[in-house]
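Summary of the model geometry
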Amino acid sequence: MTKDTRRSPGAGEVRLADFVSAYAAELTQVHHLAPVGGVIRDLALISDIEEIIGVGPDTLVVLSDTASQGDWMVSAGLRYAWERRAAGLVVPHSSVTKTAVRLAERLGVSLLSTEYDATRTALDLALRIGLTRSGQVARLQQFTSAAARANGLRELLGLVSTEVGGRRVRVETAGSIVFSVTADEVELDISNDQMSEGVIDGEAIDGLVEVSAEVTGGKMDSDVLRIFVSPDEREYAGRVLEAVAPSVRALTAEFRLSSLTSSLPSLTIAALTGSSRFDLIGEVSWNASEAAGRWPLTGSFVSVCVLAEERDSSAVHQVWHATFPDVPLARIDSGWLALVPVRAKEGKAAVLAAVRAGFTVFADLDLGVGMSDPGMGPERVAAAVQEAWLAARLARSSDRTRSKGSGPVLEFAAIPLGLAQGALPRELAVELARAMFPELLADVEAHVIIETIVALLDCRGSVSKAAQRLGVHRNTLHARLRRAGELGVPLGDPDSTLSLHLILTGLLSARGFRSGTTPSAEGEESRTDRDSA
Amino acid sequence: MYLDSEDVRNLSAGALFNACAAEPEWTEDGMRRVLAHMDMTGLRPELKQVTDLDPDALVVCVGFVNNGLSLSELRPVGDEFIAAIELIAEAHGREVAGLIPLAAGSANAVVPFLAGMQCGIPVIDADPMGRIFPLVSQTVFALNSLPIGPIAAVSALGESALLRVDEPARGERLLRALAEEFGGWAATASYPMTADALGSAGILGSLSNLIAIGRVLESSRGTDHKHSELRRSCGVRQIVRARVSEDSWVARPWAPSRVGIPASVVLEEEAGGQIIQLEVQSEILMMLSDGAVRAVSPDIITLLRPADCSVASLDDLWTGNVLDICVLRAASAWYTPAGRKLGRRPSLAMMEETR
Amino acid sequence: MRIGVCVHSTEIRAVTVRDDGAIASHVVPLADEAGIGGFAQALEQLLDLERHDEAVTSVTFDVGAVLRRKAAGRTTFVRIAPRAPVDIVHEHPAEAVDGEDVDIVHIAGGHSNSGEELVPLDAEALVRWCSQAPRGSRYVITAVGSPINESHEVRAGQILLDHAHPGSVEYSHSFHSSSVAVRERTAAVNSSLIDSAEEIVGALHPVLGRAVPGARLYVTTNEGGCHPLARLAVMPVHSLFAEASSALVGAAALAACREGFVAVRRGEGTFMGQFVRTCPAVFPQFRTSSGAALATQVANLVEISPEGHGLPAAAVIVEETELGDDEAEPDRPVLRTALSLCALGAVVTPLADWAHRVVPGTTEGEVNASIIALESRVRARLVSFGAHDRRIDLLESGVEASSYDNSSTVTVRVRGVSLDPIALDRESVVDLVPARPPGRTSSREGRRSDHVPRL
């Protein structure tokens, strides 16, 4: 597999090998074709061997009869052609000797001959070169117009594949293939399931060269369009890719966005928190398997949630696109959500650092950014979104988090347990508790029970530890928990654990909450001493 | 000085070396005649310097001009140059005091020695070309605007003519036509001038040069030693050892309206495998290596046999043979613009100019 | 079955190749009283040995070693030129055999380059001379310009036949060269070989007629080819130096080499030739050891020094050993055989003919026409030798390099061969002997070859 490191030709240049076989086969006979194929930029008819000195590189030189009468003239012509880096030498057929061919091979200069008059041949060749050039340009234009009308990424890449002879076209991000298709697959509507990171999907690539074009340029890895073609298709393929790169960029982003939104579960923050204020815009019912099929990311990802005021949305967008230009931001009520790929080498730390760097501008504004723990696969999305939202929520509201110097950005894993206390505003916690656990609140032992539940949750469900912490016997603990269950607290339900924890913690810190008293909405501002470890 | 038989052999070897001609036989025949004459008469040829003569003394150039049957086909009978010299002397009303060869190479280099012995005239150590050229007008005398005539021309059949002509180019045409009518060659005496004029215009010391080259070639030392001697003291610039390739001779026939195309001989350089091409037209006009010009007329390009450093001829350019191609620089007059113009071969015009 | 016979003065060496490629080798010594009779006897013996059911299709002889120049009582050189030389200095030497009386007769005549008379032939002078010429002389006639127009030579010959009762007349124009001396010398050598050649042919024919009546009979030529045995009696000079060329051809056949360099190593030394399109590259003149040239095509053979200088790395070396030789380890891999390479060469050598003419021609059309005519001639001759028209390959066909001097004529050269592929069971007769490892000095008590040649 070789990569073409030469300067790529501009538009309208013609390769000698293609040109001769396709357009000049009946005019010329090839005696030697230099292995490093030449490009024809110009054509010169030489009637006096002296004139060769003035010929520029990549010129196809045609020697007239007078300039090739002596064998030495052909040899000297080959030498000059070599020195001048001519595309090749065309001589009268009668002047070709075995020696001339041997010399052409030695010098690596393409040697062709013609049976026709040199002037006529030169004119004919020039005409055909011109036609070839314009043919190529027209062909490219035609393709570009068709590509612009493509509906969607798959159709566009299918067109690209057709244009380069049905070869597989891939879109890659951060080294992973995110999209791969051939013209046949698009036509037959087959999807390619053989995508795996870094592995060329089943296509034989011996003898082919790689042609690629960047779709975007940016701080993080940009997308790359990549195909493998045979060496003489290389230049045209390069031009094709360059022509479609902008469209691919737009369509890839669109594709990613739609994948993202169709992959997200129909979450409502009400499900998370019980409040109807945090609905997702544009709910779509979530079909796990369908989502898996269109899952746009291989490898691990984190979810990032940005909560901010409407008036800051353009700023947020700007920062986001500067930081993650190819990761779409999904709009939710009061914020945005995104799934950012994580590179194995750098881990989430790189993403976190990028987010922090981008969002420091918002340090004094009312904005919070949260990042989930990393995970893989569509099944993970729900929890990731949850974590990111929570972290964002905390980051936005809490003075404490700001003072820790991390700006408005907080990752879920870094949430100290004690923060859980400040996660919900106390008034909210009280209201929620009243709404959700009325029986509990009415109970005479409510405070004790709540303390117990909180201790248990703080100790991650360890009864012995919680008992130790509270200074009571295990049996006592169990008895209290039983009582809590009777009062309607859903201790056995893991989905509610967190919200329970938050609400009850908030409740505990509300001022004036004592067992047996009915707390008022205006709780005291004083905090409990129940600090986190 | 008087030459002995060894000098004569050396002269012959040098004459062959200086002119890689197709017919070494002419030179060898000429040498044999000189030696036979020396045997028969007991005489020895005399070689003098131009300064040994009175400045006013009459000196003429003698040599064969060919156009038709070769010297080995139509052999000279032995009185042609005697007649030519007599004619010239008559035309000038005085005796000829010195003879110089028409060219410093090939058979013509040897001619004045036999003629000199036959007529009792010494040979002067000078010549008008310093090498061989195909045309009689290609001389340093012509570059110096000296007249070519009157010219005496004598045929193998015994006919003779005296041409009163000044312009060398014109003299060349007349002589060439006459030679054809004569059956193939004319024995000529031309460029009559004073010793003084010869001293200023001629290429001096060319004959002793040839003898010196011949001495190196004929010595019993090894080839390597001879090569270094040739480089050191005989002005040889390049020696390229190459083997004649199978696709060698490519000759194209003449056409009256076209300039003769040289024939090409292809060799392969022993050391590096470069493709060596020699362009041949009676002599080797040009040497290309991988298409690049390494030597071109007026450079002198000649051939030696590697085994014994004997002079090879164009006949040795047969497939498989290994030869040492030698390049010498000609007299400096030929590298001036006027010299290049005069010495030019039409088929090689462009190449010569870029060197 | 084909038979190749290399005739030496004390023995004949033969190689037979059957249709299936099986190779057999024979050495038959000559009876003590040598001479031609001895060859015939030895040949008869040989053919007896090979009395198989397989018919003999051809027998090819190499006779260079036994061709002898015979002195005529007198040889007269008729030199036709516009004028006679003024002194002995300008007379070129006459090529005579030792002990011969030599006469040189100068007759006015000769043609120019364009084929026109330079001076008319002085027939009367020749006739006058004939009147006092001794009978039975050998004559060699050479005229200036005869390659272009041979009419003066032909007329002179006629006059001699009519008036001088010659023993033989040889024409120089039968040989191609641009030098009268070379042509005359070649004609003289040829003429002096004819007696010997006729003897050989005369002695061999009866034996061959009896033993192998249906076989075609050939003799090897200097260029590594062959032509009908009958031509030996006309052009023996073209077979005089064939032995080395035949050995080269034999070596190439053993090495299965069609292109490239082949070297032959024998007791007397090593020489090398180059093969181009399955035939040896040739040179149109042969130079004798004294430096004199003969107008006959010979394979280009280069002597290689004992140290191996000049031997290209890619050359194949074939070594001919005598049985009983101590076989030394070579420093390069060689193919060893006990076969007579010359005799094997005689078997496999192709029919060959060449034509070399000076033709008038100034335009490309004229010259091409001459080339075509010459090609037809060569083809026709090869067919008359027994070649199949379809197997004829024209190895060379074209114009020799022209010089400035001759503008109205060109020299055209055509060389043709008829290649008959012959199956050879090489493995049975040749051994590949690897080079001795570097560092070990050559020992004459080296390895013995496992191969025992058949006798």
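Residues numbered from 1 in each chain as written. Chains lettered and ligands numbered in written order. Predicted model: local features only at pLDDT ≥ 70, side-chain atom pairs only at ≥ 80, totals over all residues.

1. Regarding the overall build of chain B
Helix and strand counts for chain B stand at eleven helices and 15 strands. Taking all 355 residues of chain B together, the buried fraction comes to 61%. When contacts within chain B are restricted to residue pairs at least 6 apart in sequence, long-range pairs at least 24 apart make up 72% of them. (Helix = DSSP H or I, 4+ residues; strand = E, 2+ residues; numbered from the N terminus. Buried ≥ 20, exposed ≤ 12 C-beta atoms within 10 Å, placed from the backbone. Contact = placed C-beta atoms within 7 Å.)

2. Side note on the overall build of chain C
Looking only at helices and strands, chain C has seven helices and 24 strands in total. Relative to its 455 residues, chain C shows a buried fraction of 49%. Relative to all contacts within chain C whose residues are 6 or more apart in sequence, the contacts with residues 24 or more apart total 71%.

3. Description of the nonpolar core
Core analysis: the biggest nonpolar cluster contains 294 residues, and Val 61 and Leu 78 of chain A, Val 60 of chain B together with Val 5, Val 262 and Val 318 of chain C have the highest contact counts within it. The contact partners of Leu 78 of chain A, leaving out residues within four places of it in the chain, are Leu 89, Ala 100, Leu 103, Ala 104, Leu 107, Val 109 and Leu 111 of chain A together with Gly 291 of chain B. In terms of nonpolar packing, the next biggest core, distinct from the first, is built from 40 residues, Ala 308, Trp 336, Leu 367 and Ala 395 of chain A among them. (Core = buried A, V, L, I, M, F, W, Y, C linked by C-beta atoms within 7 Å.)

4. Considering the interface of chain A and chain B
Opposite the 18 residues of chain A that make contact, chain B presents 17 residues. Counting residues per element, the ones that place at least two in the side of chain A that touches chain B are α2 (71–83) and α3 (98–107) of chain A. Taken together, the residues of the side of chain A that touches chain B sort by class into six nonpolar, five polar and seven charged. (Nonpolar A, V, L, I, M, F, W, Y, C, P; charged D, E, K, R; others polar.)

5. Some remarks on the environment of Leu 311 of chain C
All names here are of chain C. Structurally, the position occupied by Leu 311 is in the loop between β18 (302–304) and β19 (316–320). Overall, Leu 311 belongs to the partly exposed group, with 17 C-beta atoms counted inside 10 Å. Here Leu 311 is in contact with Ala 263, Met 272 and Ile 304, once residues within four sequence places are set aside.

6. Side note on the sheet that holds strand β8 (residues 168–171) of chain C
Residues and elements named next belong to chain C. The sheet built from four strands is open, its strands ordered β6-β5-β7-β8 with parallel pairing. Strand pairing shows two members of the sheet lacking a second neighbour, β6 (101–108) and β8, which therefore form its edges. Between one strand axis and the next, the sheet turns by 20° as a mean value, whatever way the strands run. Bridge analysis of strand β5 (residues 74–81) against β6 gives eight bridges, and the strand direction is parallel. Bridge pairing in β6 links Thr 76 to Asp 103. (Pairing = 2+ DSSP bridges. Axes fitted to C-alpha atoms, helices over the stretch in contact; angles between N-to-C directions.)

7. So, unusual backbone geometry
Most peptide bonds adopt trans geometry, and most residues besides glycine take a negative phi value. Cis geometry is found at the peptide bond from Gly 149 of chain B to Pro 150 of chain B, where omega equals 0°. Its location among the elements puts Pro 150 of chain B in the loop between α5 (140–143) and β6 (151–154). Even without a glycine there, the phi angle at Asp 58 of chain A is positive, about 60°. Within the secondary structure, Asp 58 of chain A sits in the loop between β5 (42–46) and β6 (59–63). For Asp 58 of chain A, a count of 19 C-beta atoms within 10 Å gives the class partly exposed.

8. Examining the pairing of strand β23 (residues 409–418) of chain C
Every other side chain in a regular strand lies on the same face of the sheet, so the side chains alternate between the two faces. All names here are of chain C. Within β23, ten of the ten residues are buried, which leaves it mostly tucked inside the rest of the structure. Burial of the side chains of β23 extends over both faces: Thr 409, Thr 411, Arg 413, Arg 415 and Val 417 are buried on one face and Val 410, Val 412, Val 414, Gly 416 and Ser 418 on the other. Across ten bridges, strand β21 (residues 351–360) lies against β23 in antiparallel orientation. Its bridge partner being in β23, Val 359 is matched across the sheet by Val 410. Here strand β22 (residues 392–399) runs beside β23; their pairing, made up of seven bridges, is antiparallel. If you follow Leu 394 over to β23, its bridge partner there is Gly 416.

9. Notes on the packing of helix α15 (residues 426–436) of chain A against helix α20 (residues 494–509) of chain A
Residues and elements named next belong to chain A. Their axes nearest at 8 Å, the elements α15 and α20 cross at an angle of 120°. As far as their axial angle goes, α20 and α15 are oblique. For the crossing formed where α15 meets α20, the hand is left-handed. Only Ile 503, Gly 506, Leu 507 and Ser 509 of α20 make contact with α15, whose side of the interface consists of Arg 426, Leu 428, Ala 429, Val 430, Leu 432, Ala 433 and Met 436. Across the contact of α15 with α20, the residue classes tally to eight nonpolar, two polar and one charged. (Parallel < 35°, antiparallel > 145°, perpendicular 65-115°, else oblique. Left-handed = near helix turned anticlockwise from the far one by under 90°.)

10. Overview of the confidence of the model for chain B
Averaged over every residue, the pLDDT of chain B is 88; residues scoring 70 or more account for 91%. Considering only residues more than four positions removed or in separate chains, one finds that residues 249–261 of chain B, a stretch of pLDDT under 50, has 38 contacts. (pLDDT = per-residue confidence, 0-100.)

11. Considerations on the sheet that holds strand β3 (residues 28–32) of chain A
Residue and element names in this part refer to chain A. Taken together, the five strands give an open sheet; going across it, the order is β3-β8-β7-β6-β5, and neighbouring strands pair in mixed fashion. Edge positions in the sheet fall to β3 and β5, since each of these pairs with one other strand and no more. For this sheet the average axis-to-axis angle between neighbouring strands, irrespective of direction, equals 25°. The pairing of β6 with strand β7 (residues 88–92) spans three bridges and is classified as parallel.

12. Some remarks on the environment of Ala 433 of chain A
Residues and elements named next belong to chain A. Examined against the element boundaries, Ala 433 turns out to sit in helix α15. The spatial distance from the C-alpha of Ala 433 to the C-alpha of Leu 500 is 8.8 Å, given a sequence separation of 67 residues. Excluding anything up to four places from it in sequence, Ala 433 contacts Leu 441, Ile 503 and Leu 507.

13. Focus: the pairing of strand β3 (residues 23–29) of chain C
Residue and element names in this part refer to chain C. When strand β2 (residues 11–17) meets β3, the two strands line up antiparallel, connected through seven bridges. When the sheet's bridge partners are listed, Glu 11 is paired in β3 with Pro 29. Here β2 hands over to β3 after five residues, with Gly 21 in that stretch at a positive phi of 100°.

14. Observations concerning α2 of chain A
Residue and element names in this part refer to chain A. Counted at 1.5 Å a residue, the expected span for α2 with its 13 residues is 18 Å, and the 19 Å between its end C-alpha atoms agrees. In terms of residue burial, α2 counts as a mostly covered element, since twelve of its 13 residues are buried. Asp 71, Trp 72, Met 73, Val 74, Ser 75, Ala 76, Gly 77, Leu 78, Arg 79, Tyr 80, Ala 81 and Trp 82 are the residues of α2 that are buried. Downstream of α2 by a residue or two, Arg 85 has a phi angle that is positive, lying close to 50°. (Expected span 1.5 Å × (residues − 1).)

15. Digging into the environment of Ala 343 of chain C
All names here are of chain C. Structurally, the position occupied by Ala 343 is in helix α6 (residues 341–348). Spatially, the C-alpha atoms of Ala 343 and Val 249 are 9.7 Å apart, while their sequence positions differ by 94 residues. Other than its neighbours up to four places away in sequence, Ala 343 contacts Gly 4, Val 5, Cys 6, Arg 13, Ala 14 and Val 15.

16. Topic: the confidence of the model for chain C
Residues and elements named next belong to chain C. Chain-level statistics for chain C give a pLDDT mean of 84 and a share of 89% at 70 or above. Confidence over residues 442–455 falls short of pLDDT 50; this stretch has 26 contacts with residues more than four positions distant or in other chains. Taken over the whole predicted complex, pTM reads 0.67, whereas the ipTM for its chain interfaces reads 0.87.

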